[in-house]
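Report on the structure
Each chain is listed here by its residues.
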Amino acid sequence: MLLHLLGTAAYEGIPSLFCRCSLCQQARKLKGKDIRTRTSVVIDHELKIDFPPDTLLHMLRDDLDLEEIQDLLITHSHSDHLYAEDLEARLPGYAQSGEEPIHIYAHDMPLARIRERVGQTSKYVLHRVQLFIPTVTQTATVVALPAYHMDEETCLLYWIEKNGHTVLHAHDSGWFPDETWSWLEQRGREGNKLSAAILECTMGNDPDSGTHMNAAEVFKAKERLIACGAADPQTVFIVTHFSHNAHLTHQELCDLFEPQGIRVAYDSMKVQL
Ligand SMILES: [Zn+2]
Ligand SMILES: [Zn+2]
Ligand SMILES: [Zn+2]
């Protein structure tokens, strides 16, 4: 399984729109891995998680053929994860796209936003996910789990099984809800091991915000996934979704996470499992 991380920043990007903070100024100079766009991951060229406003940039920069995407999983409706306006570009009159629909999986709020933009069309098939229930999509078996990210919306983590590998895509979220931990612990007891876990660290070394993770919570989450058997020393742990407000360069993030056996994502990073 090939994980392709297209973007690795929180909402504002790094450098952030309009910002002159120390990190944004450093990122402008350093460039390379210190430039971060809004998050999305593609698995094996055909399953995409989230549709941020930087999708055109991702397509150009990483030479993506978006027509290869068969399934699109949406985590929540924040604009850095769903820029529904750009889904309209697949409709007749804009793109000469294929006849096959892209299947989109999401909870109520993102689905409403997508429907509002694309209307009735054969270009997309929309699926409302059921929590904790495995769904066989065109490319994988997917289970949506509740995140804790805001009270107004059910935000989702995804457990994705594909070609003998299993990945946990775990953001945006603060510390996971108890029911999500119970489900993950059950998988561990049943001997389901993760090949990779993609966690978020929006807050860096800042205090716990409740709705995003900081480094201490990432370490705790890794420990708990290993302790319950859902992960083991072979599991690839990746951390992503960084905010410029945490003021950590790529190198500083590596110094923080690598000694704990966690890989720091950067834009365009590919991980072959
Ligand atoms: Zn986000
Ligand atoms: Zn900044
Ligand atoms: Zn969010």
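The structure this text deals with has already been given above.
These notes cover the structure that comes with them. (Residues numbered from 1 in each chain as written. Chains lettered and ligands numbered in written order. Predicted model: local features only at pLDDT ≥ 70, side-chain atom pairs only at ≥ 80, totals over all residues. Heavy atoms only, no water.)

What follows concerns the coordination of the zinc ion (ligand 3). Protein coordination at the zinc ion (ligand 3) comes from His76 (NE2), His78 (ND1), His149 (NE2) and Asp172 (OD), with a distance range of 2.1 to 2.4 Å. Coordination geometry of the zinc ion (ligand 3): the four donor atoms subtend angles of 92 to 168° at the metal centre, consistent with an arrangement described as irregular. Of note, the zinc ion (ligand 3) draws all its donor residues from one chain, in the sequence arrangement H-x1-H-x70-H-x22-D. The distance between the zinc ion (ligand 3) and the zinc ion (ligand 1) comes to 3.5 Å, and Asp172 binds to both of them. The buried category is assigned to His76, whose relative accessible area is 0%. Of the residues examined, His78 reaches a relative accessible area of 30% and is grouped as partly exposed. (Donors = N, O, S within 2.8 Å, 3.2 Å for Na, K, Ca; no water. Tetrahedral: all angles 85-135°; square planar, octahedral: opposite > 155°, others 65-115°. Buried < 20%, exposed > 50% of the residue type's maximum accessible area, 1.4 Å probe, protein only.)

A separate point is the packing of aromatic side chains. Scanning the entire structure with this criterion turns up four aromatic pairs. Note on Phe176 and Trp181: the rings are 5.1 Å apart at their centroids and 35° apart in plane angle, and the pair reads as tilted. With a relative accessible area of 1%, Phe176 lands in the buried category. Taken together, the ring pairs connect Trp175, Phe176 and Trp181 into an aromatic cluster. (Phe/Tyr/Trp six-rings, centres within 6.5 Å; stacked < 30°, edge-to-face > 60°.)

Right, let's get into the nonpolar core. One finds Leu168, Leu184, Leu225 and Phe257 to be the most contacted residues of the largest nonpolar core, which totals 42 residues. By residue number, the principal contributor to this core is helix 5 (residues 215-227), which donates five residues. Once residues lying within four places of it in the same chain are set aside, the contact partners of Leu184 are Leu145, Trp159, Leu168, Phe176, Leu225, Cys228 and Ala230. Val142, Val167, Ala265 and Met269 belong to the second largest nonpolar core, which has 23 residues in total. (Core = buried A, V, L, I, M, F, W, Y, C linked by side-chain atoms within 4.5 Å. Helix = DSSP H or I, 4+ residues; strand = E, 2+ residues; numbered from the N terminus. Contact = heavy atoms within 4.5 Å.)

Bringing the sheet that holds strand 13 (residues 262-264) into the picture now. Strand order in the open sheet formed by seven strands is 7-8-9-10-11-12-13, with mixed pairing between adjacent strands. What marks the edges here is a single partner per strand, and that holds for strand 7 (135-136) and strand 13. Examined bridge by bridge, strand 11 (residues 196-200) and strand 12 (residues 236-240) share five bridges and lie parallel to one another. Across the sheet, the residue bridging to Ile198 is Ile238, located in strand 12. (Pairing = 2+ DSSP bridges.)

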